[in-house]
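# Observations on chain architecture
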Amino acid sequence: MEIIKKAKIEKGTTLIELAVALLVLLIALLALAQVIAASVILNKKSREIMKASIICKQKAEQLVSLAYADTTSNTSGTLVANADGTYSYPTTGGSGLTAGGTVAPNPYTTASTLTTTTNYVDYVDDNGNVVASTGNYFYIRLWKISTSGNVKTIEVTVVGKSKAASHQVARIVTQVSN
Amino acid sequence: MKFLFKKLNEKIGFSLIELSIALIILLLVLTAVFSLFSRSVKVNKSELAVSDTDQQVKNALSLIATEVERAGSNPDPAIIPTSPAASITVSSVNAGAMTINLNNVSGINVGNTIKYASTNLVVTKVSRNSAYPAVANLAGTVTVTGTLPTVGAVITGKNYPHPGGIMYDLAGNGTASWSSNSTTLRIFGDLNQNGAFYYTEYKYDSTNLRITRASEMITGTVPSAGTATYKVPYTILDNVTACNFKYIKDSVGNVVSVLITLTVRPPNDQIVAANRPTYTYQITVTSRNAIAASSIKRSGELAASSIPSAIPSIEIRAVASY
């Protein structure tokens, strides 16, 4: 009897101990899985920011290519194909490089409100295409033109559609002169 | 003795059935956790591949963007790039100004030097006679200091077509060959900012799903595609499932921008086929020299006072919060 009891005390692990050990292992694994999940989310965020900065630059380049005195081009419009195979942005129906517009607040948080100005805003889907404000867009692109002497400052900002999901803001400032 | 054993069994032990059930439950839970874990690892691996692809796209786009922005820049002010003619005839000379055909002539700006015979003429003003360069043989006045050439004199230019350096048509004469150009981007100018003309060609290879770049220094005329002795094209981006270049004209009809649309996917060996997403990127790049060439035409003339003292700066900032 003495021998059996001793053996029990010294060599065995109770099921409770085993269960506790497994529980600890479980929690550790779950924590590790969470780290990986976080990394996946961060990667996705990083791609969204990259796309935001690309479409931000796209708008800045489009505005830079306008004539300094242009006040009519529809910069919110989509490309129109020319007969010779080239493309143009609509030259009427907008306000070109007229001073005006608003940009997104920075930082852009859930508490922020977005003031948009017609002709100084467009909506972009995940592939970079301009879509209607009622369409399935992913980014909102806002720009502001201000004039000082013979230099116009162009500021373009991009924010995600869902403030809760995408807080990123991309911003480009550039200048043109006559 | 038997009693003792029984007591022991009842008080601190478990039956084999209890043990088995407990183990099966634990096993089930562990299996679930492990499958979740292994899925996480798999997704993470895919995401890393996607993220790597993103980075490669970014690098490739930034290379193309840098070169397109520099396209059309003239490293030698004594060279007047013309298209397609290689010479410019002076049509009238009056009070320090000479009238020449400015159509298809780019790269003349205030402060430049035009070389005529052995004399250097410094440009002080450039005026174009029409706001619209689409008018054939557009004349213009170039005010210069120095010994003026006589009427009928020929200023030698070189055949570097297209103001802005974006060759949207093959021959440089406005006759488009669009079927090939939508997947090929040809630009020229002082692309490396080292004082020499370079010609660069980006091509989409739809068979191998990649974009290649070939570049060479040019001294005379821009080579026709396919006939020049290019440097061996090298791949700048792999796993491109679609690529398209759109040439965008400004309001006066000059091609000034290129819209690049790329669809990429992560490498096959890094990701399970069913999970292999494609991503589309669009970027517009504007040739700074094309804008310069156009604004002269649009505003009529470019006075020295209106040239900005500093090159416009571009600030790109991506801000994120999590």
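It should be noted that the structure appears before, not after, this text.
In this report, the structure presented in the accompanying data block is examined. Keep in mind it's a predicted model, so treat the numbers as computed, not measured.

What follows is about the overall build of chain A. Scanning chain A for helices and strands turns up two helices and eight strands. Per-residue burial over chain A gives 45% buried out of 178 residues. Residue pairs in contact within chain A that sit at least 24 positions apart in sequence constitute 50% of those at least 6 positions apart. Per element, the accessible surface of chain A, about 8,500 Å² overall, is 61% carbon and sulfur.

This next bit is on the pairing of strand S12 (residues 240-249) of chain B. Where strand S2 (residues 87-88) of chain A and S12 of chain B come together, two bridges link them in parallel fashion. What sits directly across from Ser88 of chain A, in S12 of chain B, is Lys249 of chain B. Across nine bridges, S12 of chain B lies against strand S13 (residues 255-264) of chain B in antiparallel orientation. The residue bridging Asn244 of chain B from the neighbouring strand is Thr261 of chain B, located in S13 of chain B.

All names here are of chain B. For strand S9 (residues 198-205), a buried count of six out of eight residues is recorded, marking the element as mostly surrounded by other parts of the structure. Both S9 and strand S10 (residues 210-217) contribute to a ladder of eight bridges, which runs antiparallel. Directly across from Asp205, in S10, lies its bridge partner Arg210. Hairpin connection between S9 and S10: a loop of four residues separates the two successive antiparallel strands, and Leu209 in this loop has a positive phi of roughly 50 degrees.

Another aspect to go through is a nonpolar patch on the surface. Nonpolar side chains collect at one region of the surface, where Leu18 of chain A together with Phe14, Leu16, Ile17, Leu19, Ile21, Leu23, Ile25 and Val29 of chain B lie side by side and expose about 820 Å² of accessible area between them. With seven residues, the single largest contributor to the nonpolar patch is helix H2 (residues 16-70) of chain B. In this fold, Phe14 of chain B is placed in the loop between helix H1 (2-12) and H2.

Reading across from one edge, S1(A)-S2(A)-S12(B)-S13(B)-S14(B) is the order of the five strands in this open sheet, with mixed pairing throughout. Single-partner strands in this sheet number two, and they are strand S1 (80-81) of chain A together with strand S14 (279-286) of chain B. Sheet strands touched by helix H2 (residues 15-64) of chain A: S13 and S14 of chain B. Its angle to S14 of chain B, the strand with the most contacts, is close to 30 degrees. Relative to S14 of chain B, H2 of chain B is tilted by about 15 degrees, and along the sheet it contacts S13 and S14 of chain B.

Cut-off values and rules
Residues numbered from 1 in each chain as written. Chains lettered and ligands numbered in written order. Predicted model: local features only at pLDDT ≥ 70, side-chain atom pairs only at ≥ 80, totals over all residues. Heavy atoms only, no water. Helix = DSSP H or I, 4+ residues; strand = E, 2+ residues; numbered from the N terminus. Buried < 20%, exposed > 50% of the residue type's maximum accessible area, 1.4 Å probe, protein only. Contact = heavy atoms within 4.5 Å. Areas by Shrake-Rupley, 256 points an atom, 1.4 Å probe, with all protein chains shown as cover. Pairing = 2+ DSSP bridges. Patch = residues over 30% accessible without salt bridge, like charges linked within 9 Å, V, L, I, M, F, W, Y side chains within 5 Å. Salt bridge = Lys/Arg side-chain N within 4 Å of Asp/Glu carboxyl O. Axes fitted to C-alpha atoms, helices over the stretch in contact; angles between N-to-C directions.

Distances and angles like these do not, on their own, reveal function.
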